[in-house]
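Given next are the chains, with one letter for each unit.
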Amino acid sequence: MKTRALTRHEIKQIMDACESLRDKALLAIGFNCGYRITEILSLKVKDVCSVRNGKIFIHDVIRVGKDNMKGKKKDRAIRLNSDAKKVLMPFLLSLLKNDLEGGLDKPLFSGRKHQFKKAITRQHAWRIINNLAELALGTNEGIGTHSLRKSFATHLYFLTNDFHKVSKYLGHAFVITTERYINDELNLSDDLEQLALV
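Overview of the structure. Bear in mind the structure is a predicted one, so any value in this text is a computation, not a measurement.

### Here's the deal with the overall build of the protein
Helices and strands together make up the secondary structure of the protein, namely 9 helices and 4 strands. For the protein, long-range pairs separated by at least 24 residues make up 60% of all intrachain contacts whose partners lie at least 6 apart in sequence. Total accessible area on the protein stands at roughly 11100 Å², and carbon and sulfur atoms take up 50% of it.

Written as structure tokens, this is what we have:
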């Protein structure tokens, strides 16, 4: 089964069911930025915040890049909204509490398996989201890491009604890719008004 976008109610239920600060931050960036899971997992702590005078400051914009076929990086930047920042701050405080300056070079989403020196895998992220969906919604059918990106894209389209703008945010080379992406969701959705909030 294809992965699907989540409704705003489903997103709220999943966020409410999540007790891990790390996992909640992962969801917040996914739902609010629309990055690919590999882009999210490649983030370092310094990509989302800086430390000045012993205080943590979350960047207004998160920038990610993807290598294209010619080996060049294609950068995209997406502004973090205040709700995403509210979710990120407790996570960053817990992550950096013992190593404010030195912790900035660490992966943002690391795990115990590698003593917090390596990012969790795509498969681990998928299990996190899939298990939270099962817990919160009673089903995890069609829900995985790509649901974060699809939810962002679909909701952004309903806000803007502009495939070009959505394409830019998603980093698609061709608008036709974005149109197919969104049209899949339009065909699957029974209630367009209930699609995800970012």
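Still to come is the rest of the account.
### Regarding helix α1 (residues 8-17)
For α1, the full list of buried residues reads Glu10, Ile11, Ile14, Met15 and Ala17. Down the axis of α1, the buried set is contained in an arc of 165 degrees. They therefore lie on one face. Along α1, exposed side chains directed more than 90 degrees from the buried face belong to His9, Lys12 and Asp16. Elements in contact with the buried residues of α1: α2 (21-33), α5 (82-96), α6 (122-137) and α7 (145-160).

### Details of the packing of α2 against α7
The N-to-C vectors of α2 and α7 enclose an angle of 35 degrees; their axes lie 6 Å apart at closest approach. Contact with α2, carried on its side by Leu26, Leu27, Gly30, Phe31, Asn32 and Cys33, involves Ser147, Leu148, Arg149, Ser151 and Phe152 of α7 and no other residues of that element.

### As for α2
Helix length check: α2, at 13 residues, gives a terminal C-alpha distance of 18 Å against a target of 18 Å (1.5 Å per residue), a fit within 8%. With respect to burial, α2 is a largely interior element, 11 of its 13 residues being buried. Buried within α2 we find Arg22, Asp23, Ala25, Leu26, Leu27, Ala28, Ile29, Gly30, Phe31, Asn32 and Cys33. One side-chain oxygen of the residue at the start of α2 lies 3.3 Å from the amide nitrogen of Arg22, identifying that residue as Ser20. Remark: Gly34 follows α2 within two positions and exhibits a positive phi of approximately 70 degrees.

### Quick word on the packing of aromatic side chains
One pass over the full model with this rule turns up 4 aromatic pairs. Ring centres of Phe152 and Tyr169 lie 6.4 Å apart, and the angle between their planes is 85 degrees; on these two criteria the pair is classed as edge-to-face. One end of the pair, Phe152, is in helix α7; the other, Tyr169, is in helix α8 (residues 163-170), and 17 residues separate them in sequence. By relative accessible area, which is 30% here, Tyr169 ends up partly exposed. Put simply, the rings of Tyr157, Phe158 and Phe163 pair up and form one aromatic cluster. Geometry around Phe57 places Arg52 over its ring, the cationic atom sitting 4.1 Å from the centre.

Rules used throughout
- Residues numbered from 1 in each chain as written.
- Predicted model: local features only at pLDDT ≥ 70, side-chain atom pairs only at ≥ 80, totals over all residues.
- Heavy atoms only, no water.
- Helix = DSSP H or I, 4+ residues; strand = E, 2+ residues; numbered from the N terminus.
- Contact = heavy atoms within 4.5 Å.
- Areas by Shrake-Rupley, 256 points an atom, 1.4 Å probe, with all protein chains shown as cover.
- Buried < 20%, exposed > 50% of the residue type's maximum accessible area, 1.4 Å probe, protein only.
- Arc of directions from axis to C-beta.
- Axes fitted to C-alpha atoms, helices over the stretch in contact; angles between N-to-C directions.
- Expected span 1.5 Å × (residues − 1).
- Polar contact = N/O pair within 3.5 Å; in protein donor to acceptor, adjacent residues only side chain to side chain.
- Phe/Tyr/Trp six-rings, centres within 6.5 Å; stacked < 30°, edge-to-face > 60°.
- Lys NZ or Arg CZ within 6 Å of the ring centre and 35° of its normal.

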